[in-house]
Amino acid sequence: MALVLASSLCGALVTHAYDLPAVNLGVTSFLDGGPPAGPGFYFTEYGQYYTSHQLNDAHGKSMGLPGADLDVGVSLSQFIYQSDQKVFLDGKWGMDVIVPVVSAHISFDAPIPLRANGTGLGDVVVGPFIQWDPIMGKNGPLFMHRIELQCITPTGKYDRNYAINPGSGYFSFNPYWSGTLFVTPKFTVSTRVHYLWNDSTTDPNIPGATKLQAGQAVHLNFAMDYELIEKHLRAGANLYYLKQFTDSHVYGVNTADRRERVLGVGPGAIYSFNQNNHLFLNAYFEPVADNRPEGMRFVLRYVHHF
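Structure report, in brief. (Residues numbered from 1 in each chain as written. Predicted model: local features only at pLDDT ≥ 70, side-chain atom pairs only at ≥ 80, totals over all residues. Heavy atoms only, no water.)

A closer look at the overall build of the protein
Definition in use: Helix and strand assignments follow DSSP, with helices taken as H or I runs no shorter than four residues and strands as E runs no shorter than two, numbered in order from the N terminus. This radius of gyration counts C-alpha atoms alone. The globule rule is 2.2 Å times how many residues there are, raised to the power 0.38. The rule is simple: take the accessible area with a 1.4 Å probe, protein chains only, and divide by the maximum for that residue type; under 20% is buried, over 50% is exposed, in between is partly exposed. The contact criterion used is simple: two residues touch if any of their non-hydrogen atoms lie within 4.5 Å. Only the protein chains shown count as cover for residues, with accessible areas throughout obtained via the Shrake-Rupley method and a probe of 1.4 Å. For the purpose of charge, His is not counted, nor are the chain termini; Lys and Arg are scored as positive and Asp and Glu as negative. Here the site of a charge means atom NZ of a Lys, CZ of an Arg, CG of an Asp or CD of a Glu.
Summing up its helical and strand segments, the protein has 0 helices and 21 strands in all. Since a compact globule built from 306 residues should have a radius of gyration of about 19 Å, the 20 Å found for the protein is in line with a globular shape. Expressed as lengths along the three principal axes of its C-alpha atoms, the size of the protein is roughly 60 × 35 × 30 Å. Per-residue burial over the protein gives 50% buried out of 306 residues. Here the analysis covers contacts within the protein between residues at least 6 apart in sequence; of these, 65% occur between residues at least 24 apart. In the structure as shown, the protein presents an accessible area of about 13000 Å², 64% of it carried by carbon and sulfur atoms. On the protein, the mean spot of the 20 positive side-chain charges and the mean spot of the 25 negative ones are 4 Å from each other.

See below:
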């Protein structure tokens, strides 16, 4: 989760768009298909830093804003309860709550009227989920997976007079499926696939507009890792990809050239102190970005099982 950047970039209301809310782009990665220590309470703290010196148009080209410098820091506190009660096809129910705090800064080498709305609470994420027990083989787990009906609630700090806000100002439905395949006991492949639907807002930060509904999108995380130190250290590669597949509605009509797309790739690692404590580090570099900033993302994540 990073930020919400206004559509009103330098008055280009139609051809350039930054409509979508902040979503999970690379925040989760290795062994994502299941909790590391079974049922119980989990607390996860994420620290994320995103930096960009280029704001792109609909064709993935720089908009040419002189000296663009965007920096976003995010703290995410996640609370998870995984039950031991089976409810559907032997899956066990659980609940996930994520509370973000976002701080953003943007500057230019020219008097461009884009401002950030400081530091504040982001949009709280709430999602019931069903986690299935791992499918076991003779040498350990083979596959584990989960579905979650995730909702992004409009609780974040938002003001239509600012280009960058900690919150989006509208509700989004963002369910996902995640799974981890143990190709061998040492080599795993994980993915998480989200669908994103956005409600409309009557308070968009587009001058003169009275209604905006961001388009629908899919986004996914993918990671593969290899165990280097048994039960302690895994390292590998990770990526995220987002593609908006329907037009946003501005002024009540479909608006062309507002669809967003981004790809981030990079290395990562996970260090397990023991079964109940894990530290993740992931880095991403964006070679593709349409109607979005193009930059770098770094994620530090600590997971504790009580």
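A few points about a nonpolar patch on the surface
Applicable threshold: In this scheme, patches are assembled from residues that exceed 30% relative accessible area and form no salt bridge. Like charges are connected within 9 Å, while nonpolar side chains (Val, Leu, Ile, Met, Phe, Trp, Tyr) are connected within 5 Å. The salt bridge definition used is simple: a Lys or Arg side-chain nitrogen within 4 Å of an Asp or Glu carboxyl oxygen.
Taken together, the side chains of V87, F88, L89, W93, M95 and V126 define a hydrophobic patch exposed on the protein surface, amounting to about 550 Å² of accessible area. Looking at the nonpolar patch, the elements with two or more residues in it are β3 (69-88) and β4 (91-107). Among the structural elements, V87 can be located in strand β3.

Brief notes about unusual backbone geometry
One non-glycine residue, L31, lies in the positive phi region at around 50°. Locating L31 in the fold gives a position in the loop between β1 (4-5) and β2 (40-55). Here L31 falls in the partly exposed class, since its relative accessible area comes to 22%. At D90, a position not held by glycine, the phi torsion is positive, near 70°. Counting through the fold element by element, D90 comes out in the loop between β3 and β4.

Observations concerning the side chain of D57
Let me state the cut-off plainly: For this analysis, a polar contact is any N or O atom pair within 3.5 Å, provided that within protein one partner can donate a hydrogen and the other can accept it, and provided that sequence-adjacent residues contribute only side-chain to side-chain pairs.
Tracing the backbone shows D57 in the loop between β2 and β3. For the buried residue D57, which engages in no salt bridge, the nearest side chain bearing the opposite charge is K61, 7.8 Å off. Polar side-chain contacts of D57 include one of 2.9 Å to the backbone nitrogen of H59.

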